[in-house]
Amino acid sequence: IVFSAFLVLLFQKVKIPTLPALCYPAIILLGLACYWWSVPLPVRGFIGVGLFAIAVNLLPTAPSIVKNVLSFAPLKILGQFSFSIYLWQQIFYLKDLPPWLGLNLAIMSGVTSYFLIEKPARLYLNTRAAKTSAVLARKNVSN
């Protein structure tokens with residue numbers, strides 16, 4: 001998070017470089033390779049996460065083909081549910097289930113959790129935050 005924040009601040013002062021289209025998937029694949037089971041934790045934590053931070057912060061100047069691939073509807077939907085699936089996957093991973101069954105149960109649980117817990121909680125929190133902001137704005141105007 002700190003490295004990504006550093007990149008955001010850096011790219012506000014220095015123009016974000018535009019790389020050839022193949023560099024973006026290469027950076028992401030190298031980041032994923034850092035998460036191979038035998039890669040030491042410090043490598044994952046620094047190099048793997050660092051590569052993902054670089055990839056995300058370079059996206060504003062990415063070629064349109066890269067942005068179009070990332071805008072592909074199934075990828076966007078997967079991204080929408082990914083955190084909920086991530087939260088549930090460990091339960092099914094640790095059970096002695098066939099991998100296909102564990103994966104399907106994790107996806108179904110994650111999607112269900114997204115709609116029943118995450119989305120309503122986000123709506124509630126955003127609504128409450130908007131009301132609080134409006135109240136604070138009115139107080140500032142009246143002062």
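Structure's up top.
Keep in mind it's a predicted model, so treat the numbers as computed, not measured.

Conventions used here
- Sequence order sets the numbering: in each chain, residues are counted from 1 along the sequence as written.
- Local features are withheld for residues below a pLDDT of 70 in this predicted model, meaning they are given only at 70 or higher, and side-chain atom pairs are given and counted only at 80 or more; totals for whole chains, interfaces and linings count all residues.
- The side-chain values count all of the structure's non-hydrogen atoms but skip hydrogen atoms and water molecules.
- Helix and strand assignments follow DSSP, with helices taken as H or I runs no shorter than four residues and strands as E runs no shorter than two, numbered in order from the N terminus.
- Categorising residues by exposure relies on relative accessible area from a 1.4 Å probe, with only protein chains included: less than 20% of the type maximum marks a residue as buried, more than 50% marks it as exposed, and the intermediate range marks it as partly exposed.
- When checking whether two residues touch, look at their non-hydrogen atoms; a contact exists if any pair is within 4.5 Å.
- To define a nonpolar core, start from buried Ala, Val, Leu, Ile, Met, Phe, Trp, Tyr and Cys residues and group those joined through side-chain atoms within 4.5 Å.
- Between the N-to-C directions of two axes lies an angle of 0 to 180 degrees, each axis being a line fitted to C-alpha atoms and, for a helix, fitted only over the stretch in contact.
- The scheme is simple: roughly parallel for angles under 35 degrees, roughly antiparallel for over 145, roughly perpendicular for 65 to 115, oblique for anything else.
- Crossing chirality is assigned from the near helix's rotation relative to the far helix, an anticlockwise turn below a right angle marking it left-handed and a clockwise turn marking it right-handed.
- Lys, Arg, Asp and Glu make up the charged group, whereas Ala, Val, Leu, Ile, Met, Phe, Trp, Tyr, Cys and Pro make up the nonpolar group; the residues left over, Gly among them, are polar.
- For this analysis, a salt bridge means a side-chain nitrogen from Lys or Arg found within 4 Å of a carboxyl oxygen belonging to Asp or Glu.
- Given the number of residues in a helix, its expected span is that number minus one, multiplied by 1.5 Å.
- Note that the bend at a residue is defined as the angle between axes fitted to the seven residues ending at it and the seven residues starting at it.
- Between the rings of Phe, Tyr and Trp (Trp by its six-membered ring), a pair exists once the centres lie within 6.5 Å; its type follows the angle of the planes, with under 30 degrees stacked, over 60 edge-to-face, and the other angles tilted.

This brings us to the side chain of S113. Mapped onto the elements, S113 comes out in helix α6 (residues 99–142). Exposure remark for S113: the relative accessible area of 11% places this residue in the buried category. For S113, the residues in contact, after removing those within four places along its chain, are S84, W88 and E118.

Attention now moves to the nonpolar core. Counting residues in hydrophobic clusters, the biggest one holds 12 residues: L7, F11, I16, Y24, I27, C34, L51, A53, A55, L58, A62 and V66. Elements with a minimum of two residues in this core: α1 (2–13), α2 (23–33) and α3 (41–58). It is α3 that contributes the most residues to this core, 4 residues altogether. Other than its neighbours up to four places away in sequence, A55 contacts I27 and I28.

Running from N to C, α2 and α3 cross one another at 155°; their axes reach a closest spacing of 8 Å. In terms of orientation, α2 lies roughly antiparallel with respect to α3. Between α2 and α3 lies a crossing whose hand is left-handed. Listed contacts from α3 to Y24, I27, I28, L30, G31 and L32 of α2 are G48, L51, F52, I54, A55 and L58. Its residues placed into classes, the contact of α2 with α3 shows 10 nonpolar, 2 polar and no charged.

Charged atoms that come close allow side chains of opposite charge to pair. For the structure shown, the criterion picks out 1 salt bridge. The salt bridge involving E118 is made with R122; its shortest N-O contact spans 2.5 Å. Linking E118 with R122, this pair stays in helix α6, spanning 4 residues, or about one helical turn. Given the relative accessible area of 17%, E118 is considered buried.

Once that is clear, we can look at α6. An α-helix turns once every 3.6 residues. As a result, residues three or four positions apart point the same way. Between its first and last C-alpha atoms α6 spans 61 Å; for 44 residues at 1.5 Å apiece the expected length is 64 Å, and the two agree. At Y114, α6 shows its maximal kink, close to 45°. Looking at α6, one finds that the buried residues are G102, A106, S109, G110, S113, Y114 and E118. On its buried face, α6 is in contact with α5 (73–94).

All told, the structure shown has 6 aromatic pairs when counted by the stated rule. Their ring planes at 25° and their centres at 6.3 Å tell us that F3 and F6 sit as a pair that is stacked. Taken together, the residues F3 and F6, both in helix α1 and 3 residues apart, mark about one turn of the helix. An aromatic cluster is present here, built from F81, Y114 and F115 joined pairwise through their rings.

Another aspect to go through is the packing of α5 against α6. Look at α5 against α6: their axes get within 7 Å of each other, and the N-to-C directions meet at 130°. Accordingly, the angle class assigned to the pair α5 and α6 is oblique. Of the two elements, α5 crosses α6, and the hand of that crossing is right-handed. Along the contact surface, α5 presents Q80, F81, F83, S84, I85, W88, Q89 and F92, while α6 presents G102, L105, A106, I107, S109, G110, V111, S113, Y114, F115 and E118. Of the residues belonging to the contact of α5 with α6, the class tally is 11 nonpolar, 7 polar and 1 charged.

Taken by themselves, the reported measurements are silent on function.
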